[in-house]
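Letter by letter, the chains look like this.
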Amino acid sequence: MAWALKLPLADEVIESGLVQDFDASLSGIGQELGAGAYSMSDVLALPIFKQEESSLPPDNENKILPFQYVLCAATSPAVKLHDETLTYLNQGQSYEIRMLDNRKLGELPEINGKLVKSIFRVVFHDRRLQYTEHQQLEGWRWNRPGDRILDIDIPMSVGIIDPRANPTQLNTVEFLWDPAKRTSVFIQVHCISTEFTMRKHGGEKGVPFRVQIDTFKENENGEYTEHLHSASCQIKVFKPKGADRKQKTDREKMEKRTPHEKEKYQPSYETTILTECSPWPEITYVNNSPSPGFNSSHSSFSLGEGNGSPNHQPEPPPPVTDVSLKLNNLLPTTTPQEAQQWLHRNRFSTFTRLFTNFSGADLLKLTRDDVIQICGPADGIRLFNALKGRMVRPRLTIYVCQESLQLREQQQQQQQQKREDGDSNGTFFVYHAIYLEELTAVELTEKIAQLFSISPRQISQIYKQGPTGIHVLISDEMIQNFQEEACFILDTMKETNDSYHIILK
């Protein structure tokens, strides 16, 4: 017997609606899993198959990039799947970056047989530090005078042409290269990540940096301003051998994790592939104007002057208004503006930005070690001597008194008075100091001529009175044997042709 359950009309309507909803939910399953729904490139584009997650728009996901840059340094194994790769570098060590031409046949034919320019930068990864990058770099320049953040190891690099580094941009280098030829550039990063941490009590984590490469081609005017490609990667820089220890520590930590936990992390790759990114925001200043090179044939910029742009010309020194500055003296009452004038006048223009807010008192309080640390050994010693007003001590100092008929009469009267009265008080005579550096007869002649306000040509000979009143001709060797601060009386003998003989007594 067949039993049939008759439902009320309302129940039939509900049951019919549920069946339709269930059929609709199943109708798309076959289409979603169909052969044409996914391509292999879509699967490979998933974050699990990539070294880092791309930040580019969806339209560029399948775009084949014209160039590829590979940093020959292993990535950290302690990076989660969906995070960007992190590479550890040693301070000052040379690392190779391979510049690869990734163009398809017929792509970008305008650069065939031509050079392109690539600009390398080491910049901050944290956005907080990006906003204060100028202040951070100025602070680093203060603590490390004369050093650069980024350099190119020229002898080890291959295929680079006309490498240049601007002294006003410590974190930037640039060069030309031919995409059709093998090109490898070796870079050195001289700053470490912990130099930019907020608190420095030891054990703090260093801030990450980014190595960014921007490549340009020539425009119609021969300037490298047309952007082709940009890529970057995340790095941390440690003291020498510190990167190796950190890599080893990360590897040991991963080995202790369970297989399930390891699935959440990326493997360590032997090389780091720089991923495409937006051009550097300040890219508009790039031009083909002369910039300092690694060889002496290029002009150079002054350290610390300008606004970080090669097109910026340093301002001329302001006019000197203070009397003490005109006399080349720096006083404790000197204002910061007057101190800037003093620095310009004494050839310390390269350090005017470092001492922008320094008054005369602030500069005079600096110790020798402080100045050397700020300005480097050579300029530091020179600035310290200038601050202290130290003059170069002459090699020889002698004192001379011009003898005249009146002087002789005074001496004779003095001697006669001594014999009569036994008075020891002598006549007051004025001597002049003569400072000698070269210790030659020619130099002595010039100094005595200045004393008499005559031309050196008017002095025929200079003699020194010797034993028994003989006259000995002055020579270079005799002057070199003069005693320090020796006193002489100058006796002049005028000749008929308006010339003189000088006798040192």
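Think of each chain on its own: its residues are numbered from 1, step by step along the sequence as written. Local features in this predicted model are restricted to residues whose pLDDT is 70 or higher, and side-chain atom pairs enter the listing and the counts only when it is 80 or higher, whereas totals over whole chains, interfaces and linings include all residues. To get the side-chain values, all heavy atoms of the structure are used, and hydrogens and water are removed first.

As annotated in an unreviewed UniProt entry, the chain carries the name Alpha-globin transcription factor and is attributed to Lynx pardinus. The Sequence similarities (unreviewed entry) comment attached to the chain in UniProt states, word for word, "Belongs to the grh/CP2 family. CP2 subfamily." UniProt positions are given in the numbering used here, feature names are shortened, and annotations may be inferred rather than shown by experiment. A UniProt comment under Subcellular location (unreviewed entry) is attached to the chain, and it reads "Nucleus".

Thoughts on a positive patch on the surface
Patch members must show over 30% relative accessible area and no salt bridge, and they are joined within 9 Å when carrying like charges or within 5 Å when they are nonpolar side chains of Val, Leu, Ile, Met, Phe, Trp or Tyr. In short, Shrake-Rupley with a 1.4 Å probe defines the accessible areas, and a residue's cover is counted only from the protein chains shown. The term salt bridge refers to a pairing of a side-chain nitrogen on Lys or Arg with a carboxyl oxygen on Asp or Glu at a separation within 4 Å. His is not counted, nor are the chain ends, whereas Lys and Arg count as positive and Asp and Glu as negative. Working definition for charges: the position is that of NZ of Lys, CZ of Arg, CG of Asp or CD of Glu. Where like charges cluster on the molecular surface, the positive patch consists of Lys80, Lys205, Lys253, Lys256, Arg257 and Lys264. Starting at the N terminus, helices and strands are each numbered in turn, a helix being any DSSP run of H or I of at least four residues and a strand any DSSP run of E of at least two. For lysine 205, the location among the structural elements is in the loop between β8 (183-189) and β9 (209-218).

Things to note about the pairing of β8
Think of it in three bands: with a 1.4 Å probe and only protein chains considered, a residue is buried below 20% of the maximum accessible area for its type, exposed above 50%, and partly exposed in between. A large share of β8 lies buried, amounting to seven of its seven residues. Burial along β8 is two-sided: Thr183, Val185, Ile187 and Val189 and Ser184, Phe186 and Gln188, pointing in opposite directions, are all buried. Here a strand pair is declared whenever DSSP counts at least two bridges between the two strands. Note: strand β3 (residues 95-101) against β8, five bridges, orientation antiparallel. Residue pairing for β8: tyrosine 95 is matched across the bridge by isoleucine 187.

A short note on the side chain of aspartate 214
Secondary-structure assignment places aspartate 214 in strand β9. The buried category is assigned to aspartate 214, whose relative accessible area is 0%. In this structure the side chain of aspartate 214 is engaged in a polar contact, spanning 2.4 Å, whose partner is the side chain of serine 230. As used in this structure description, the phrase polar contact means that two N or O atoms lie within 3.5 Å; if the pair is within protein, one of them must be able to donate a hydrogen and the other to accept it, and residues adjacent in sequence are counted only when both atoms belong to side chains. A polar contact of 3.5 Å, which involves the side chain of aspartate 214, links it to the backbone nitrogen of tryptophan 280.

Focus on the sheet that holds strand β18 (residues 500-504)
Sheet architecture is open: six strands sit in the order β14-β13-β17-β18-β15-β16, paired in mixed fashion. Pairing within the sheet leaves two strands with one partner each, and these edge strands are β14 (432-436) and β16 (471-473). Taken over all neighbouring pairs, the strand axes of this sheet differ in orientation by 35° on average, direction set aside. Where strand β15 (residues 459-465) lies against β18, five bridges are found, and the strand directions are parallel. Bridge pairing links tyrosine 463 to isoleucine 503 in β18. Under this scheme, a helix contributes an axis fitted over its contacting stretch, all axes are lines through C-alpha atoms, and angles between N-to-C directions fall in the 0 to 180 degree range.

Here we look at the packing of aromatic side chains
Centres within 6.5 Å make a pair out of two Phe, Tyr or Trp rings, where for Trp the six-membered ring is used; the pair is then stacked when the planes are under 30 degrees apart, edge-to-face when over 60, and tilted otherwise. Counted by the stated rule, this structure contains 11 aromatic pairs. A centroid spacing of 5.4 Å and a plane angle of 90° characterise the contact between tyrosine 88 and phenylalanine 238, whose relative ring orientation is edge-to-face. Here the residue tyrosine 88 occupies a position in strand β2 (residues 86-90), and phenylalanine 238 occupies one in strand β10 (residues 224-238), the gap between them amounting to 150 residues. The exposure class of phenylalanine 238 is partly exposed, given its relative accessible area of 24%. Here a set of aromatic residues connected by ring pairs shows up, and it is made of Phe124, Phe196 and Phe209.

So, the pattern of salt bridges
A side chain with one charge can pair with a side chain of the opposite charge if their charged atoms come near. Here the structure, examined in full by the defined rule, presents 16 salt bridges. The salt bridge involving glutamate 138 is made with arginine 141; its shortest N-O contact spans 3.2 Å. With glutamate 138 and arginine 141 both in helix α5 (residues 133-143) and three residues apart, the pair spans about one turn of that helix. The burial state of glutamate 138 is the same as that of arginine 141; both residues are buried. Arginine 382 is the partner of aspartate 379 in a salt bridge, and the nearest nitrogen-oxygen pair spans 3.5 Å. Of the two residues, aspartate 379 and arginine 382 are both situated in helix α12 (residues 377-387); the distance of three residues between them amounts to about one turn of the helix. Among the residues examined, aspartate 379 registers a relative accessible area of 29% and is labelled partly exposed.

Looking at α5
Residues of α5 that are buried include every one of Glu133, Leu137, Glu138, Trp140 and Arg141, and no others. The arc that holds every buried residue of α5, seen down its axis, measures 160°, which confines them to one face. Taking the helix axis as origin, the arc is that swept by the directions to the C-beta atoms.

A word on helix α9 (residues 336-345)
Most of α9 sits inside the fold, with seven of its 10 residues counted as buried. Just past α9, the residue arginine 347 takes up positive phi, approximately 65°.

Examining unusual backbone geometry
Despite not being glycine, leucine 439 has its phi angle at roughly 60°, a positive value. Looking at where leucine 439 falls in the secondary structure, it is placed in the loop between β14 and α14 (441-452). Using a relative accessible area of 8% as the deciding quantity, one classes leucine 439 as buried. Positive phi outside glycine occurs at glutamate 485, with the angle close to 60°. Note on placement: glutamate 485 falls in the loop between α15 (476-480) and β17 (486-494). You can call glutamate 485 partly exposed: its relative accessible area is 45%.

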